[in-house]
Each structure stands twice: as structure tokens, then as C-alpha cells.
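If you want the building blocks of each chain, they are given just below.
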Amino acid sequence: MTESPALDAAHLHCRSLEHALRRLRRDSLGRIAEWGGRLAAALPAGSRLLAAGNGGSAAQAQHLTAELVGRYRRERPAYSAISLHAETSSLTAIGNDYGFDHVFARQVSAHGRPGDILLLLSTSGRSANLITAAVAGRAAGLRVWALTGPGPNPLGEAADERLYVDGETTATVQEAHLVAVHLLCEAFDAALAEHPSRTTTTIRTPEPAVVPVNGRTP
């Protein structure tokens, strides 16, 4: 009895994903570990991660920022990580006034500071709004990382560093990107555990306000 076309397609998809993950493990684990270590040095020191993507890549970027602001596995302080595409009022205002190619770049110019990291995710590596954001990030003194599909591609070339995922389809690349996001969180937590002093945070309590009464300060 022959298998159904749907089952054939499922087998093909799984094989494609297996191949992409093997290549990710062979070629990219060192880069992911390096990125995790650098995030673990930057974020506790007061820098932030800005992230962006379109469509499914936006979901992947937001997944990462949620893990950093919240937690991945172990309990630890919250760290500043912002998904630029989640700021809907800014996104739509910028798109309306300046064009869709600038929806991320203008936010990078507004929020980014030297020492921050900008992570841009794209399956194609050809999204104009991400390329423009990479240029804006580098001009503002941010470190720009690109997580894309097969390379070389324009986004990877516009970034300071890039990680190419060699997948046969957009779906396969996105699925491998999720694995890469989780591996980055693993590396981040491992680097923090190796240097526990980095996780120490100082909470500053503001002095109580002095409110004049009848023109006099009590």
C-alpha cells in the first residue's frame, strides 16, 4: 500500500529539517555560544538587546526577547530586550509617514545606544526594512547581528556578524531559527552561571518626595 501524498510531504519536511539541524550543529554552535557569552556580558552591564523581524521571524524575535525579560530555564534577573515590531503605534506611524522600509530603522535610531546589540531575523535575508535597520544600527554604534536563511545575502552583508541557516524552505529555516533562539538562551544562561557576579543587580529606591505644605517645606 502506498503512502498518501500528505504523509509523503510530512516525511520530506522532516528530512529537510533534520538536514538543516545537522548543518546548524556542524557549522554554527560556536557562533551561537559566542553570541550568548557576549549577551551575558552586555545585558547585566546595562546594555539592551533590540530585535526585529517580519512575519514568522517577528514571532521568533519576540520569543527571544520574552525569554530574556522573563526567564528561559533558571531563575535570574530580568534583562532589557525589546522587539521593535511589537510597538504597534510606532510601527504604523513610521510606516505611514516614512514608508515600511523605515519602520525598524527609525526605532533603532531612537532607542539604540552604543554598546547595545541589534539582532535581525529574516529567512530570506533580503527584507529592505531589516537591511535599513542594520545600517542605522551600525551608524548608531550598535553591534548588529543577522540570523538568516542561506547566505550570502544582503542582510548578512549589512550586519557586523551573521549566522546563516542552510534550509531548503522558508518553513525549515524558521524552525531551525527557533532552535537557534533556544540555543542562544542556553548559552546566555550558561555564561551567566559561569560568572555569577554578572547577575547581581542593584535596586535603587528613590528618596521620598518632599511636598510643601502651605508654601512651607516640613
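Here is a short report on the structure shown in this document. (Residues numbered from 1 in each chain as written. Predicted model: local features only at pLDDT ≥ 70, side-chain atom pairs only at ≥ 80, totals over all residues. Heavy atoms only, no water.)

Moving on to the pattern of salt bridges. For the structure on display, the rule yields 13 salt bridges. Arg38 is the salt-bridge partner of Glu34, the closest N and O atoms lying 2.8 Å from each other. With a gap of four residues between them, Glu34 and Arg38 both fall in helix α2 (residues 29–42), about one helical turn apart. With a relative accessible area of 26%, Arg38 lands in the partly exposed category. Between Asp116 and Arg48 there is a salt bridge, with the nearest N and O atoms lying 3.7 Å from each other. Of this pair, Asp116 sits in the loop between α5 (105–111) and β3 (117–122) while Arg48 sits in the loop between α2 and β1 (49–53), and the two are 68 residues apart along the sequence. Look at Asp116 and you get buried, because its relative accessible area is 4%. The network of salt bridges with common partners includes Arg31, Glu34, Arg38, Arg138, Arg143, Asp160 and Glu161. (Salt bridge = Lys/Arg side-chain N within 4 Å of Asp/Glu carboxyl O. Helix = DSSP H or I, 4+ residues; strand = E, 2+ residues; numbered from the N terminus. Buried < 20%, exposed > 50% of the residue type's maximum accessible area, 1.4 Å probe, protein only.)

Closest axis-to-axis distance for the helix α3 (residues 56–69)/helix α8 (residues 170–194) pair is 10 Å, and the angle between their directions is 15°. The orientation of α3 relative to α8 falls into the category roughly parallel. Relative to α8, α3 is oriented so that their crossing is right-handed. Every residue of α8 that contacts α3 at Gly56, Ser57, Gln60, His63, Leu64, Glu67 and Leu68 is listed here: Gln174, His177, Leu178, Val181, His182, Leu184, Cys185 and Phe188. (Axes fitted to C-alpha atoms, helices over the stretch in contact; angles between N-to-C directions. Parallel < 35°, antiparallel > 145°, perpendicular 65-115°, else oblique. Left-handed = near helix turned anticlockwise from the far one by under 90°. Contact = heavy atoms within 4.5 Å.)

A separate point is the packing of helix α1 (residues 5–27) against α8. One way to put it is that α1 packs onto α8 with a least axis distance of 9 Å and a crossing angle of 40°. Classified by the angle between their axes, α1 and α8 sit oblique to one another. Seen along the crossing, α1 lies across α8 with a hand that is right-handed. Counting all contacts with α1, which are made through His13, Ser16, Leu17, Ala20, Leu21 and Leu24, the residues of α8 involved are Ala171, Thr172, Glu175, Ala176, Val179, Ala180 and Leu183.

We now examine the nonpolar core. Membership of the largest hydrophobic core comes to 30 residues, with the highest contact counts inside it found for Leu39, Leu49, Leu64, Leu119 and Phe188. Put simply, the parts of the chain that give this core at least two residues each are α2, β1, α3, β3, β4 (143–148) and α8. Examining the composition of this core, we find that eight residues originate from one element, α8, more than from any other. Once residues lying within four places of it in the same chain are set aside, the contact partners of Leu49 are Leu39, Leu43, Leu64, Leu68, Ser80, Ala81, Ile82, Ile117 and Leu119. Counting 21 residues, the second largest nonpolar core, distinct from the first, contains Leu50, Leu91, Phe104 and Ala134. (Core = buried A, V, L, I, M, F, W, Y, C linked by side-chain atoms within 4.5 Å.)

Now for the sheet that holds strand β5 (residues 161–164). Strands sit in the order β2-β1-β3-β4-β5 across an open sheet of five strands; the sheet is parallel. Each having just a single partner strand, β2 (81–83) and β5 make up the two edges of the open sheet. Across the sheet, the mean angle from the axis of one strand to that of its neighbour is 15°, orientation sign disregarded. Sheet strands touched by α8: β3 and β4. Its angle to β4, the strand with the most contacts, is close to 135°. (Pairing = 2+ DSSP bridges.)

Moving on, we come to the side chain of Ser57. Structurally, Ser57 is set in helix α3. A relative accessible area of 3% means that Ser57 is categorised as buried.

Evaluation of the coordinates by the stated rule reveals two aromatic pairs. Seen from their ring centres, Trp35 and Trp145 are 4.5 Å apart, and the 5° between their planes marks the pair as stacked. In this pair, Trp35 sits in helix α2 while Trp145 sits in strand β4, placing the two residues 110 residues apart along the sequence. According to the relative accessible area criterion, Trp35 is buried, its value standing at 3%. (Phe/Tyr/Trp six-rings, centres within 6.5 Å; stacked < 30°, edge-to-face > 60°.)

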